[in-house]
Amino acid sequence: MTQLIHLLFFPGGLFLLALGMGYEWLDRKLLARLQNRQGPRWFQPLADTVKLLSKEEIIPQGANPWLFIFLPVVALAGTLTAALYVPLFGLPPAHSLPGDLILTIYLLSLLTLGTGLAGANTPNRFSLVGATRTLTQLFAYEAPFLMALLGPAIVAGSWQISIINDFAGRNWLIVTQFVGFLVAVIGLMGKLELPPFDAPEAETEIVSGALTEYSGRGYALFRLAKNVELVVGLTLVASFYLGGLANPLAFILKTGALLLIIVGVQTLLTRLRLDQTVGLWWRYGALLVLAQWLMIVLAKII
Amino acid sequence: MKLATLLKDVWQSLWRRPATEAYPLVKPETSARFRGQLHYNSQGCTGCCLCNKDCPANAIEMITLDKKNKRFVLRYDMDQCIYCGQCVQNCRFSCLSMSPEEWELAAAGKEPFTVYYGQEEDVKDVLAKFTPEDHPEAAPR
Amino acid sequence: MHTNEHTAQIEKFIIPIGPQHPALKEPGHFEFTVDGEIVTHASVRLGYAHRGIEKGVESRNWTQNLYLLERVCGICSHVHATAYCLGVEKLAGVEAPPRAQAIRELVAELERIHSHYLWLGVTAHEAGFDTLFMYTWRDRETVMDILEAISGNRVHYSANILGGVKFDLGEKEAQTIRQGLSFLEERTHHYLEVVSQDALFLQRTRGIGVMTLAQAETIGVIGPTARASGLARDVRLDDPYAAYDRFPVPIILDDRGDLSARVVVRLKELLASIETIRHILDDLPPGELTVRVPRKIKPGEAISRVEAPRGELFYFIKSNGSEMPERIHIRTPTLCNMASVLTLAVGHHLADMPMLLAGIDPCFSCNDRGIVVQYGGDDHDHWTWERLRQFGIDHYKQLESGVF
Ligand code: SF4
Ligand code: SF4
């Protein structure tokens, strides 16, 4: 019974979706205010979702209908499952097993994979270009992002999120592993395709990228998945680098601060071309994290 | 080469009210020269019809009831008017003017857009005289 | 032969941009053949926003046309009216008084400011730098407010009438303008710094779409696009009209020829415009605002050229001595610059296309003067008015009967 409640209402399921929409609103509102605009009202993400859900879903000719319907579900399911393993809302994770860090990271990648496949599934040219870009970008940021999250794991001596969280509660890793923190934040933005890493869905070039053909339910699910991923990603980075998440207050403050940083980066930077994004990752991101890794390992041995 | 050159503006914006105008709640002030709804004063009008000759949108019509007794009625179709001000420029007797305040002119139907200016009894006469059948162009829409 | 080429085209991967596309604020159709992300061929089809203005002009009188022509473009409305007025005044053999000419120049320069600010925002948006977009458009409101304060409208100022201008500038208006300008000057300096120093913005503009001086001359580009390639072409200096001989503007040149140069040239032009407006305000010639222009214009032909924010605007006006013009032809600057986009596109990334297109500051609806009808009828080149009319009637009849 409690399992079911965990899964459907708190902290998974409904609560998570609501939290995701809340963070989406915060993101949009802050972005707007930093740009000196008004921004949406608090219920806008909910209204968007309700409207999208009530709209007709159009399956384009030439697309595999099963895949077309199934992919958004997989994406959302993946991110929702990932949420079970992280200290959401400052509470201990609902599930915990050794090595769940790797599991979580791969569950989070399901959204990107789903988006890429969804783009490749439709015959639309914008979708195809978007899918190529999405997947290219996936290969670019995935490894550095993983390495950035493994840094804390190594010093904590465990690959279990709850243990790393406890360890991080005693040591603010942002101080000792600043490079890792930077790469993790930027990797998260790349994962979520937020500006300036939004080349895969750059509206002025390829309309809406891989999701161009999606409307109605499928699109709503993708959006929800993205929101949940935002929350999960913020939780992960905040718990690893910002001194752990021990209670709800710490959760709200720390993820909020992280979101503010992310929004700031969004406002200040110009969109990177895909080749520039990839170059940035492999030339700086990956190498820097690697260097830091070596140092951590060396420090551990000595 | 710098990163984040707009940092200062962004920081300031965080503490500023949005630049967006709160329009339906607060009506913004327009300049004194703003060209809003057209107004006509039949005093001094000679019925020369210069105003409607050059109107690019055929938005006004001068209806002459009695030239000798200076009984003129101006029919004005707000929905056709492009607010160019040419009629005001053309009138040598300053009978026409454009209001800087009246610019919230949207309406759900067509009727409020047709306005008859002139002496009260003249307008009444016009409306009575021109039945829609024989003068469709002058009929109230 | 033709079919072979056609099949070869189909096998390539073509990205269509337009007629409806988020990057285009107006309809135009571009086809970019890509190899991966690199563009190998580009073509354009225009004419989606053809509104028949040149024909409409022939059934309105000389004054009414002023307002129709002002609506050719929603951004550079004043230059259209000015070009038309100057042409008609030439035909009628009159000249507007110096004060009117100075006010015409002043409004034209204010309009340039508003147009370039708008363009900067659009370019920033195409580059994915939305914050700059929002800020420039916020600051652009200042110049829109100035224009409203002096003319009574934000977009279609209707400053011109045949033989002069409608409104005068007093001390109060001059004060409003000066105040707004000093704010805008400060902001322009700031934005100039941003676009020439921001590392990421430069990554998207520097070295992109480089057009050499020789290329610029061959393609025949005009306006700021030409000046960014070092081609000194500016009607305001080459053939001064209105009051430009009395209040000249400095020419802004850049020899780099890339997108970044185009941004910098336009921003420096803003500063030049602000200076010029200040000169005009300091030294506004006294006198009348209008001269009388007869209702019927003497028969003859005239051309008039003015420098629109996007480049040279050309008017051909023909009168047959009646109350209405016989023929007016307009050539807007976008048409001349369009070829440069297609030439420069090849070899660039697909992601650069919106920027490259924005670089010439295109205005589709003002450049759509004619359309080529490729179906119906055997003679494609000659369509009489009657035939076009008949074609339209048949077309809509067919539509109604549901044949299509
Ligand atoms: S403002 Fe222009 S359009 Fe309106 S009635 Fe006067 S002349 Fe006609
Ligand atoms: S131009 Fe003036 S005087 Fe002549 S009819 Fe019109 S309002 Fe009357």
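Residues numbered from 1 in each chain as written. Chains lettered and ligands numbered in written order. Predicted model: local features only at pLDDT ≥ 70, side-chain atom pairs only at ≥ 80, totals over all residues. Heavy atoms only, no water.

Draft legend 1. Summary view of the overall build of chain A. If you tally the helices and strands in chain A, you get 13 helices and zero strands. Secondary structure elements of chain A, listed N to C terminal, follow the sequence α-α-α-α-α-α-α-α-α-α-α-α-α. In terms of overall size, chain A behaves like a compact globule, its C-alpha atoms giving a radius of gyration of 19 Å where 302 residues would be expected to give roughly 19 Å. Overall, chain A is about 60 × 50 × 40 Å in size when its C-alpha atoms are taken along their principal axes. Split into buried and exposed, the 302 residues of chain A put 58% on the buried side. (Helix = DSSP H or I, 4+ residues; strand = E, 2+ residues; numbered from the N terminus. Rg over C-alpha atoms; globule rule 2.2 N^0.38 Å. Buried < 20%, exposed > 50% of the residue type's maximum accessible area, 1.4 Å probe, protein only.)

Draft legend 2. The overall build of chain B, seen in detail. Tallying secondary structure elements over chain B gives four helices and five strands in all. Starting at the N terminus, the α and β elements of chain B follow one another as α-β-α-β-β-α-β-β-α. Over its C-alpha trace chain B gives a radius of gyration of 22 Å, far above what one expects of a compact globule, namely 14 Å for 141 residues. Taken over the C-alpha atoms alone, chain B extends approximately 75 × 35 × 25 Å along its principal axes. Across the 141 residues in chain B, those meeting the buried criterion constitute 42%. Counting only contacts in chain B whose residues sit at least 6 apart along the sequence, the fraction spanning at least 24 positions is 69%. (Contact = heavy atoms within 4.5 Å.)

Draft legend 3. Geometry of the packing of aromatic side chains. Evaluation of the coordinates by the stated rule reveals 14 aromatic pairs over all chains. Taking the centre distance of 5.5 Å and the plane angle of 80° together, the rings of Trp 11 of chain B and Trp 15 of chain B count as edge-to-face. Pair check on accessibility: Trp 11 of chain B and Trp 15 of chain B agree, each one exposed. Joined through ring pairs, the aromatic side chains of Phe 68, Tyr 214 and Phe 222 of chain A make up one cluster. Here Arg 125 of chain A stacks its cationic end above the ring of Phe 13 of chain C, 5.7 Å away from the centre of that ring. (Phe/Tyr/Trp six-rings, centres within 6.5 Å; stacked < 30°, edge-to-face > 60°. Lys NZ or Arg CZ within 6 Å of the ring centre and 35° of its normal.)

Draft legend 4. Just a nonpolar patch on the surface, in detail. All names here are of chain A. On the surface, Trp 42, Phe 43, Leu 46 and Val 50 cluster together into a nonpolar patch covering about 430 Å² of accessible area. For Trp 42, the location among the structural elements is in the loop between α2 (13-34) and α3 (44-54). Taking relative accessible area as the criterion, Trp 42 reaches 64% and is therefore assigned exposed. (Patch = residues over 30% accessible without salt bridge, like charges linked within 9 Å, V, L, I, M, F, W, Y side chains within 5 Å. Areas by Shrake-Rupley, 256 points an atom, 1.4 Å probe, with all protein chains shown as cover. Salt bridge = Lys/Arg side-chain N within 4 Å of Asp/Glu carboxyl O.)

Draft legend 5. Seen up close, the site of ligand 1. Taken together, the residues surrounding ligand 1 are Cys 55, Pro 56, Ala 59, Ile 60, Cys 81, Ile 82, Tyr 83, Cys 84, Gly 85, Cys 87 and Met 98 of chain B. Grouping the amino acids of the shell around ligand 1 by side-chain chemistry returns 10 nonpolar, one polar and no charged. (Near = heavy atom within 4 Å. Nonpolar A, V, L, I, M, F, W, Y, C, P; charged D, E, K, R; others polar.)

Draft legend 6. View of the nonpolar core. Counting residues in hydrophobic clusters, the biggest one holds 160 residues, and the most contacted among them are Leu 101 of chain A together with Leu 106, Leu 110 and Ile 113 of chain C. With 14 residues, the single largest contributor to this core is helix α11 (residues 216-241) of chain A. Setting aside its immediate chain neighbours within four residues, Leu 106 of chain C contacts Ile 150, Leu 169, Ile 177, Ile 277, Ile 280 and Leu 281 of chain C. Counting 42 residues, the second largest nonpolar core, distinct from the first, contains Val 79, Val 88, Val 235 and Tyr 244 of chain C. (Core = buried A, V, L, I, M, F, W, Y, C linked by side-chain atoms within 4.5 Å.)

Draft legend 7. Up close: the sheet that holds strand β8 (residues 325-331) of chain C. All names here are of chain C. The strand order β6-β7-β8 describes an open sheet built from three strands, whose pairing is antiparallel. Either end of the sheet is taken by a strand with one partner, and the two such strands are β6 (300-308) and β8. Strand-to-strand twist in this sheet, taken as the mean axis angle between neighbours without regard to direction, amounts to 15°. Where β6 meets strand β7 (residues 311-319), nine bridges bridge the pair, whose relative direction is antiparallel. By the bridge assignment for β7, Glu 307 is matched with Glu 312. In this fold helix α4 (residues 77-92) packs onto β6, β7 and β8, with an angle of close to 150° to the strand it touches most, β6. (Pairing = 2+ DSSP bridges. Axes fitted to C-alpha atoms, helices over the stretch in contact; angles between N-to-C directions.)

Draft legend 8. How the structure looks around helix α9 (residues 178-192) of chain A. All names here are of chain A. The terminal C-alpha atoms of α9, which comprises 15 residues, lie 21 Å apart, in line with the 21 Å expected from a rise of 1.5 Å per residue. Among the 15 residues that make up α9, 11 are buried, leaving the element largely enclosed by the rest of the structure. For α9, the complete set of buried residues consists of Gly 180, Phe 181, Val 183, Ala 184, Val 185, Gly 187, Leu 188, Met 189, Gly 190, Lys 191 and Leu 192. At the exit of α9 stands Glu 193, carrying a positive phi of roughly 55°. (Expected span 1.5 Å × (residues − 1).)

Draft legend 9. Inspection of the confidence of the model for chain B at higher detail. Per-residue confidence for chain B gives a mean pLDDT of 81, with 91% of residues at or over 70. Two numbers describe this predicted complex: its pTM, 0.86, and its ipTM, 0.84. (pLDDT = per-residue confidence, 0-100.)

Draft legend 10. Seen up close, the interface of chain C and chain B. Opposite the 35 residues of chain C that make contact, chain B presents 28 residues. It is Gln 64, Tyr 135 and Gln 197 of chain C that lose the most area in chain C upon contact with chain B, and together they represent 18% of the buried surface on that side. Linking chain C to chain B there are three salt bridges. The shortest N-O distance in the salt bridge between Arg 187 of chain C and Asp 9 of chain B comes to 2.7 Å. Here chain C is connected to chain B by 16 residue pairs in polar contact (both at pLDDT 80 or more). (Buried area = accessible area lost by both parts, 1.4 Å probe. Polar contact = N/O pair within 3.5 Å; in protein donor to acceptor, adjacent residues only side chain to side chain.)

Draft legend 11. Region of the structure containing the interface of chain C and chain A. At the interface, 30 residues of chain C touch 23 residues of chain A. For the chain C and chain A pair, buried surface summed over both sides reaches about 2500 Å², with 57% attributable to carbon and sulfur atoms. Arg 273 of chain A is the partner of Asp 352 of chain C in a salt bridge, and the nearest nitrogen-oxygen pair spans 3.1 Å. In this structure, the connection of chain C to chain A is made through nine residue pairs in polar contact (both at pLDDT 80 or more).

Draft legend 12. Seen up close, the pairing of β7 of chain C. Residue and element names in this part refer to chain C. Between the antiparallel neighbours β6 and β7 lie two residues. Pairing analysis gives six bridges linking β7 to β8, with the strands arranged antiparallel. Residue Ser 319 lies in a different strand from β8, and its bridge partner there is Pro 325. Count of turn residues in the β7/β8 antiparallel hairpin: five residues, of which Gly 321 carries a positive phi of about 90°.

Draft legend 13. Focus on the sheet that holds strand β2 (residues 29-35) of chain C. All names here are of chain C. As summarised here, the arrangement of the three strands in space is β1-β2-β3, forming an open sheet in which the pairing is antiparallel. Only two strands of the sheet have a single neighbouring strand rather than two, namely β1 (13-17) and β3 (38-45). The average undirected angle you get between the axes of adjacent strands in this sheet is 25°. With five bridges connecting them, β1 and β2 associate as antiparallel partners. Bridge pairing links Phe 13 to Val 34 in β2. Most of the contacts of helix α13 (residues 333-345) go to β3, to which it runs at about 160°, and overall it touches β2 and β3.

Draft legend 14. Spatial organisation of the side chain of Asp 254 of chain C. Residue and element names in this part refer to chain C. With respect to the secondary-structure elements, Asp 254 resides in the loop between α11 (235-238) and α12 (259-282). At 3.2 Å, the side chain of Asp 254 and the backbone nitrogen of Arg 256 are in polar contact. Discounting chain neighbours no more than four positions away, the residues touching Asp 254 are Arg 227, Ala 228, Ser 229, Gly 230, Ala 261, Val 264 and Val 265.

Draft legend 15. Summary view of the site of ligand 2. Around ligand 2, the structure places Tyr 40, Cys 45, Thr 46, Gly 47, Cys 48, Cys 49, Cys 51, Met 62, Cys 91, Phe 93 and Cys 95 of chain B. In terms of residue class, the shell around ligand 2 is built from nine nonpolar, two polar and no charged.

Draft legend 16. Spatial organisation of the packing of α2 of chain A against α3 of chain A. All names here are of chain A. With their axes 8 Å apart at the nearest point, α2 and α3 run at an angle of 120° to one another. It follows from the interaxial angle that α2 and α3 lie oblique. Residues Met 21, Glu 24, Trp 25 and Arg 28 of α2 pack against Gln 44, Pro 45, Leu 46, Asp 48 and Thr 49 of α3. Looking at the contact of α2 with α3 residue by residue, the class counts come to four nonpolar, two polar and three charged. (Parallel < 35°, antiparallel > 145°, perpendicular 65-115°, else oblique.)

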